[in-house]
Amino acid sequence: MQKQILTLLVVLLATIFSFSQDVRKLPNIEVKTLKGDAFNISELDNDGKPIVISFWATWCKPCKKELNNISEVYEDWQEETGVKLVAVSIDDSRSMSKVAPYINSSDWEYEVYLDPNADLKRAMGVSTVPHTFLLNGKKEIVWQHRGYFEGDEQELYEKIIELVK
Amino acid sequence: MRKIIVFLFVLPLLGAAQNNSGEIHGDFDLSLQTYKEDKSIGALPVDEIMLNNAYLNILYTKGNFTVGVRYESYLNALKDFDPRYNGNGIPYRFAQYNKDGLDITAGSFYEQFGSGLILRSYEEKTLGIDNAMDGVRLRYRPLKGVNLKTFIGKERKFFEYSKGIVRGADAEININDALNLDLNTKTIIGGSVVSRFQNSTNPNFNIPENVAAFAGRMNIISGGLNWYSEYAYKINDPIGSLTENNYASGNAITSNLTYSQRGIGISLEAHRVDNMVFRADRDAVGKDLLLNYIPAISKQHAYTLISLYPYATQPSGEAGFQVDIFYKIKKGNWLGGKYGTKIDVNFSRINALNGGPSYLSDDIKHEPMLVSLKGEELYYKDFNIEINRKINKKVRVAAVLAKQSYNKDVVQQQTGYGIIESDIAVLEVIYKIKKGHSIRVELQKLKTEQDDGDWSMGLAEYTISPHWFFSVQDLYNWGNKNLDKQLHYFNANIGFIKGANRFTIGYGKKREGIFCVGGVCKTVPSSNGLTLSISSSF
């Protein structure tokens with residue numbers, strides 16, 4: 001039994017690697033807006049320009065560093081590439097109500113969604129935050145990155161530039 | 001039987017491989033640790049020398065159809081985890097389709113009603129929590145603004161499922177959407193019911209076999225104001241050994257009000273909980289088979305010493321409130337500096353219910369006072385201020401001051417420790433050396449007369465964006481009154497990250513203590529050894 005499962009998994013993994021060229025789109029999953037409305041993440045749109053999706057939480061220091069650092073250059077990024085950043089908070093009912101006060105006080109210009117029971121997080125294979133995805137103009141996931149170090153936004157920006165060239 | 005199920009889930013995946021349609025993605029996590037004996041910190045060796053946890057999630061999606069499996073491997077489980085996580089298996093597998101507003105899931109699923117007062121099935125891997133349901137779930141939106149959910153299932157417990165059957169339904173109506181109202185104020189109301197069936201063979205007591213819990217909620221949003229309230233009620237559910245007169249019903253109320261506009265945000269929150277432990281099995285204990293989630297009404301801190309004494313909700317009975325103020329001092333003046341300065345202030349206080357929780361009372365009509373803050377036993381109090389400031393292009397500084405009172409007897413269910421009063425200070429400096437190269441230093445100090453006395457911590461981390469990090473840290477209990485316990489917990493870590501792959505290797509000592517996420521905690525034993533972790537998304 002266990003052996004068979006393992007065999008199957010090996011086959012699956014092989015399959016997955018042969019898949020690596022495939023396009024990957026956003027899942028058909030609902031999140032909430034800060035105004036309490038349901039929003040299907042597959043309906044995200046940026047008129048054919050790149051989208052960055054960043055998973056974060058109010059209790060996550062590196063997440064807030066990443067989004068605060070990007071916030072300082074976000075206007076420039078938008079002007080130069082038309083990119084849109086979507087910040088998905090995985091705060092659960094303990095801290096979900098603090099998301100709006102936090103982002104407003106921080107002057108973030110991002111589109112923000114709530115994923116309190118991790119439905120989107122699970123569907124996108126995110127196990128730890130921060131986790132950042134980059135989508136091209138066709139809303140296909142073309143790059144992703146785990147964690148955040150000071151200066152990581154440079155790499156992300158270079159990837160965005162590659163997309164709009 | 002299990003084999004067939006596995007095949008059923010895997011078949012579409014293989015089919016997908018052949019005709020190259022649909023898509024597959026997922027993630028993988030592996031944590032490995034060696035354990036060697038270290039008498040000074042009380043760390044024990046393990047017979048296996050090393051222990052290992054691993055997970056692989058695979059999701060296959062085609063159009064409106066999704067299947068997913070998670071393979072879990074505990075050979076044997078890390079010492080931080082419950083040893084009942086044992087062996088290999090596929091405890092999580094589901095098939096789901098979504099068409100014309102109807103979403104059907106068969107197999108494993110996670111669900112939450114409202115804020116979770118009567119139902120939250122979720123996973124928190126770092127805590128070893130995974131109370132997924134196994135059964136059938138339907139979600140339906142008959143018209144705009146109306147969301148219905150219903151399910152029936154058994155709750156996961158390690159590699160098994162609960163004896164009790166759990167049923168539930170939830171309705172949420174966005175009144176503005178449903179009635180096509182074009183108002184500035186938005187109102188969303190919701191209601192839910194969850195019921196557990198479990199046989200009772202107790203010869204002495206007439207124990208209810210069907211136990212229901214109800215909840216109602218309302219959310220009003222207007223401009224920068226947002227007010228959310230929820231009330232839950234659980235009918236009597238005699239649990240455990242029946243040594244206490246625990247035939248009381250349970251209830252909980254939670255309410256939060258937030259206001260925010262550019263530059264400032266305020267959040268006020270209060271909750272009151274009485275006898276709201278609700279499980280999928282009346283005989284379960286500890287963290288097993290919990291059906292609901294009542295978050296701690298305190299701030300979840302990120303720095304080590306501020307979370308040395310973390311609070312955990314007491315669902316059997318507590319009352320508490322919390323205030324948060326987030327403020328950004330504008331740039332350009334002395335206070336705000338060149339880039340602006342951020343200040344976060346948080347205060348929380350949680351205490352016992354007046355007269356004690358209902359389940360401890362002999363009187364079935366006993367009702368603890370609704371609100372009472374004075375004179376009740378203090379469970380937890382935390383006042384903290386965090387300041388973040390960018391000094392110049394190269395230097396950023398964060399500082400935190402906190403004053404906490406922690407009722408160790410209540411939170412950790414011990415006796416004789418009383419309330420631990422501590423003062424904590426943290427300073428963090430990030431210095432950009434050159435493009436991509438940064439150094440981060442944390443200095444922390446905790447002062448207390450009680451328990452283990454004073455602690456200090458120092459951390460230095462060098463990062464080379466986007467791939468490498470190197471960090472060393474030392475946690476030092478220099479103020480312990482027992483001189484033999486004035487110990488150092490030294491750790492060194494190296495990590496490599498490339499895109500969605502992350503590898504870290506570390507060596508050092510871990511302190512015995514409480515580790516919490518979201519107000520749910522686990523105790524972790526002290527250990528000394530090498531850790532390796534690999535995580536990857538595809």
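See above for the structure.
Student: Tell me about the overall build of chain B, and name the residues and values.
Tutor: Assigned secondary structure in chain B consists of three helices and 29 strands. Taking 538 residues into account, the globule formula puts the C-alpha radius of gyration at 24 Å, and chain B, at 25 Å, falls close to it. Across its three principal axes, chain B shows a C-alpha extent of roughly 65 × 60 × 60 Å. Taking all 538 residues of chain B together, the buried fraction comes to 51%. Sequence-distant contacts, at least 24 apart, represent 57% of the contacts inside chain B between residues at least 6 apart. For chain B, the accessible area works out to roughly 24,300 Å², and carbon and sulfur atoms hold 59% of it. With 62 positive and 55 negative side-chain charges, chain B shows a spacing of 8 Å between the two charge centroids.

Student: Can you break down the packing of aromatic side chains residue by residue, with the values?
Tutor: Here the structure, examined in full by the defined rule, presents 28 aromatic pairs over all chains. One aromatic cluster in this structure is built from W56, Y74, Y102, W108 and Y110 of chain A together with F326 of chain B. Taking NZ or CZ as reference, K390 of chain B lies 4.4 Å from the ring centre of Y339 of chain B, over its face. Its end group placed over the ring of W455 of chain B, R511 of chain B keeps NZ or CZ at 5.3 Å from the ring centre.

Student: So what's going on with the pairing of strand β4 (residues 87–99) of chain B? Residues and values would help.
Tutor: Residue and element names in this part refer to chain B. For strand β3 (residues 65–74) and β4, the ladder comprises nine bridges, and the chain directions are antiparallel. Within β4, the residue paired with R70 across the bridge is Y92. Taken together, the six bridges between β4 and strand β5 (residues 102–109) define a ladder with antiparallel strand orientation. Along β5, the bridge assignment pairs Q96 with T105. Linkage of β4 to β5, two consecutive antiparallel strands, is achieved through a turn of two residues, within which D100 is found at a positive phi near 50°.

Student: Help me get a handle on the state of the cysteines, residues and values and all.
Tutor: Residues and elements named next belong to chain A. Going through the model one piece at a time under the given rule, you end up with one disulfide over all chains. The side chain of C60 participates in a disulfide bridge whose partner is C63; the two sulfur atoms lie 2.0 Å from each other. Between C60 and C63 the sulfur-sulfur dihedral comes to about 80°; the bridge is accordingly right-handed. For C60, a relative accessible area of 5% puts it in the buried group. The buried category is assigned to C63, whose relative accessible area is 1%.

How each quantity is defined
- Residues numbered from 1 in each chain as written.
- Chains lettered and ligands numbered in written order.
- Predicted model: local features only at pLDDT ≥ 70, side-chain atom pairs only at ≥ 80, totals over all residues.
- Heavy atoms only, no water.
- Helix = DSSP H or I, 4+ residues; strand = E, 2+ residues; numbered from the N terminus.
- Rg over C-alpha atoms; globule rule 2.2 N^0.38 Å.
- Buried < 20%, exposed > 50% of the residue type's maximum accessible area, 1.4 Å probe, protein only.
- Contact = heavy atoms within 4.5 Å.
- Areas by Shrake-Rupley, 256 points an atom, 1.4 Å probe, with all protein chains shown as cover.
- Lys, Arg positive; Asp, Glu negative; His and termini not counted.
- Charge placed at Lys NZ, Arg CZ, Asp CG, Glu CD.
- Phe/Tyr/Trp six-rings, centres within 6.5 Å; stacked < 30°, edge-to-face > 60°.
- Lys NZ or Arg CZ within 6 Å of the ring centre and 35° of its normal.
- Pairing = 2+ DSSP bridges.
- Disulfide = S-S within 2.5 Å.

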